[in-house]
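Chain by chain, the residues run as shown.
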Amino acid sequence: MSKTVWPMAKVAIIAMIGAFLLWISLIKPMLHKSDVATTSIPLVNGKTLDVTALRGKVVVLNFWSPDCPPCIQELPDLERLYQTYRAQGLVVVGIATPGSSRSRSLAAAAMAHVTYPLSVDQSGILTRAVGGIMVTPTQVIIDREGRVIDKYQGVVSGEEPMDEILRALQQK
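Here goes a summary of the coordinates provided. (Residues numbered from 1 in each chain as written. Predicted model: local features only at pLDDT ≥ 70, side-chain atom pairs only at ≥ 80, totals over all residues. Heavy atoms only, no water.)

**Considerations on the pairing of strand 7 (residues 148-153)**
Part 1 of the argument: Bridge count between strand 6 (residues 138-142) and strand 7: 5 bridges; the pairing is antiparallel. Bridge pairing in strand 7 links Gln 139 to Tyr 152.
Part 2 of the argument: As consecutive antiparallel partners, strand 6 and strand 7 are separated by 5 residues, and within that stretch Gly 146 has a phi angle of approximately 90°, a positive value. (Pairing = 2+ DSSP bridges. Helix = DSSP H or I, 4+ residues; strand = E, 2+ residues; numbered from the N terminus.)

What follows is the structure, given as structure tokens:
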């Protein structure tokens, strides 16, 4: 190789390795398609929600934190979504992320008049089951077959997650 081509080849190889490492650390966890449908979710009311019992429903797992202003702001929107579409098979489950205070989570949910099931993921098992959560709020959308079809970072009132939720509800 000529003296000018070899340095360019080195740069290209380093760039490819860097891109691969970025994909492994950032993108791959977002695409993680774990079988969330086999996970039980302990609820703050002392009961357990068996996700396998939700087969045939569209499930939105809302990973949030009581210390996250956008998360608090979206709670009423999620409640409206739940009330509007639950007769069509939508279930929303609020999951406060590891490190969240149970009492602060309950207080925030009560102020927003949340009636959908709530959990506090103290152990981090639910967060790991969906490939990790990088930011809050994050919505994990599960179709009627129990497959993760989308993992959306941001407030649920955006067009992208709503379109995905509505498409999943239309699937019978």
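Picking up after the structure, the text goes on.
**Overview of the nonpolar core**
Part 1 of the argument: Leu 75, Leu 81, Leu 90, Val 92, Val 114, Tyr 116 and Ile 165 are the most contacted members of the largest nonpolar core, which has 26 residues in total.
Part 2 of the argument: When contributions to this core are tallied by element, the ones reaching two or more residues are strand 3 (58-64), helix 2 (69-85), strand 4 (90-96), helix 3 (102-111), strand 5 (118-120) and helix 5 (159-170).
Part 3 of the argument: Take this core: its biggest share by element is 5 residues, from helix 2.
Part 4 of the argument: Among residues more than four places away in sequence, those in contact with Leu 81 are Leu 90, Val 156, Met 162 and Ile 165.
Part 5 of the argument: In terms of nonpolar packing, the next biggest core, distinct from the first, is built from 17 residues, Val 51, Leu 54, Val 59 and Ile 142 among them. (Core = buried A, V, L, I, M, F, W, Y, C linked by side-chain atoms within 4.5 Å. Buried < 20%, exposed > 50% of the residue type's maximum accessible area, 1.4 Å probe, protein only. Contact = heavy atoms within 4.5 Å.)

**Digging into the packing of aromatic side chains**
Part 1 of the argument: Tallying each qualifying case throughout the model produces 1 aromatic pair.
Part 2 of the argument: Ring geometry for Tyr 82 and Tyr 116: centres 6.0 Å apart, planes at 80°, overall edge-to-face. One end of the pair, Tyr 82, is in helix 2; the other, Tyr 116, is in the loop between helix 3 and strand 5, with 34 residues separating them in the sequence. No difference in accessibility class separates Tyr 82 from Tyr 116, as the two residues are buried. (Phe/Tyr/Trp six-rings, centres within 6.5 Å; stacked < 30°, edge-to-face > 60°.)

**Some details on the pattern of salt bridges**
Part 1 of the argument: In this structure the tally under the stated criterion is 4 salt bridges.
Part 2 of the argument: Between Arg 104 and Asp 67 there is a salt bridge, and its shortest N-O distance comes to 2.4 Å. Of this pair, Arg 104 sits in helix 3 while Asp 67 sits in the loop between strand 3 and helix 2, placing them 37 residues apart in sequence.
Part 3 of the argument: A relative accessible area of 44% means that Arg 104 is categorised as partly exposed.
Part 4 of the argument: A relative accessible area of 51% places Asp 67 in the exposed class.
Part 5 of the argument: The residue Asp 143 makes a salt bridge to Arg 147 at a minimum N-O spacing of 2.7 Å.
Part 6 of the argument: Asp 143 gets classed as buried once you look at its relative accessible area, which sits at 10%. (Salt bridge = Lys/Arg side-chain N within 4 Å of Asp/Glu carboxyl O.)

**Things to note about helix 3**
An α-helix turns once per 3.6 residues; consequently, residues spaced three or four apart project the same way.
Part 1 of the argument: Turning to helix 3, its buried residues number three or more, namely Ser 105, Ala 108 and Ala 109. The arc enclosing the buried residues of helix 3, seen along the axis, measures out at 100°, which places them on a common side. Seen from the open side of helix 3, the exposed residues pointing more than 90 degrees away from its buried face are Ser 103, Ala 110 and Met 111.
Part 2 of the argument: Of the surrounding elements, those touching the buried residues of helix 3 are strand 3, helix 2, strand 4 and strand 5.
Part 3 of the argument: Just beyond helix 3, the residue with positive phi is His 113, at close to 60°. (Arc of directions from axis to C-beta.)

As far as function goes, none of this settles anything; it's purely spatial.
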